[in-house]
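Here are the chains, one letter per residue:
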Amino acid sequence: RDQFQIFYRVGSTAQQYVPDFVAETDTELLMIETKARNEMATPEVAAKRQAAEEWCVNASAHAATYDAKPWRYALVPHDVIAENMGLTALAATQARGLG
């Protein structure tokens, strides 16, 4: 908590967003949020996603100024996660339209 200064708004209430996981690969930093499939399209999850994606864009722009890895946000449905799944496969679930 408080490591990331990410805020989102649902209605008139602003709240702080804390990602579920942060991981590093050889090429990027991943901010990963897992959600139950039935929660993926809720207004709160959409607001969190937008705030986190904007944060990743800004963090990546800053990281580029000193040749660091870019940031990427991945929203992943909980039911696609498997024990033997690597980070690349996990983050790719969003790219395949599952997240």
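Structural data are supplied above this passage.
The shown structure was predicted, so the numbers you read here are calculated from the model rather than taken from an experiment. (Residues numbered from 1 in each chain as written. Predicted model: local features only at pLDDT ≥ 70, side-chain atom pairs only at ≥ 80, totals over all residues. Heavy atoms only, no water.)

1. Comments concerning unusual backbone geometry
Right, so step 1: For D67, which is not a glycine, the phi torsion comes out positive at approximately 55°.
Right, so step 2: Within the secondary structure, D67 is located in the loop between helix 1 (43-64) and strand 5 (71-77).
Right, so step 3: Take D67: its relative accessible area is 74%, and that puts it in the exposed class. (Helix = DSSP H or I, 4+ residues; strand = E, 2+ residues; numbered from the N terminus. Buried < 20%, exposed > 50% of the residue type's maximum accessible area, 1.4 Å probe, protein only.)

2. Details of the pattern of salt bridges
Right, so step 1: Counted by the stated rule, this structure contains 6 salt bridges.
Right, so step 2: A salt bridge links K35 to E33; the nearest nitrogen and oxygen atoms lie 3.3 Å apart. One exposure class covers both K35 and E33, and it is buried.
Right, so step 3: As a salt-bridge pair, E44 and K48 come within 3.8 Å of each other at their nearest N and O atoms. A residue pair is termed a helical-turn pair when its members lie 3 or 4 positions apart in one helix, as E44 and K48 do in helix 1 at 4 residues.
Right, so step 4: Of the residues examined, E44 reaches a relative accessible area of 36% and is grouped as partly exposed. (Salt bridge = Lys/Arg side-chain N within 4 Å of Asp/Glu carboxyl O.)

3. Remarks on the sheet that holds strand 3 (residues 21-24)
Right, so step 1: Taken in spatial order, the 3 strands line up as 3-4-5 in an open sheet, and their pairing is mixed. Pairing within the sheet leaves two strands with one partner each, and these edge strands are strand 3 and strand 5. Each neighbouring strand pair of the sheet contributes to a mean axis angle of 25°, computed without reference to strand direction.
Right, so step 2: Examined bridge by bridge, strand 4 (residues 29-35) and strand 5 share 7 bridges and lie parallel to one another. From the neighbouring strand, K35 faces strand 5, where its bridge partner is P77. (Pairing = 2+ DSSP bridges. Axes fitted to C-alpha atoms, helices over the stretch in contact; angles between N-to-C directions.)

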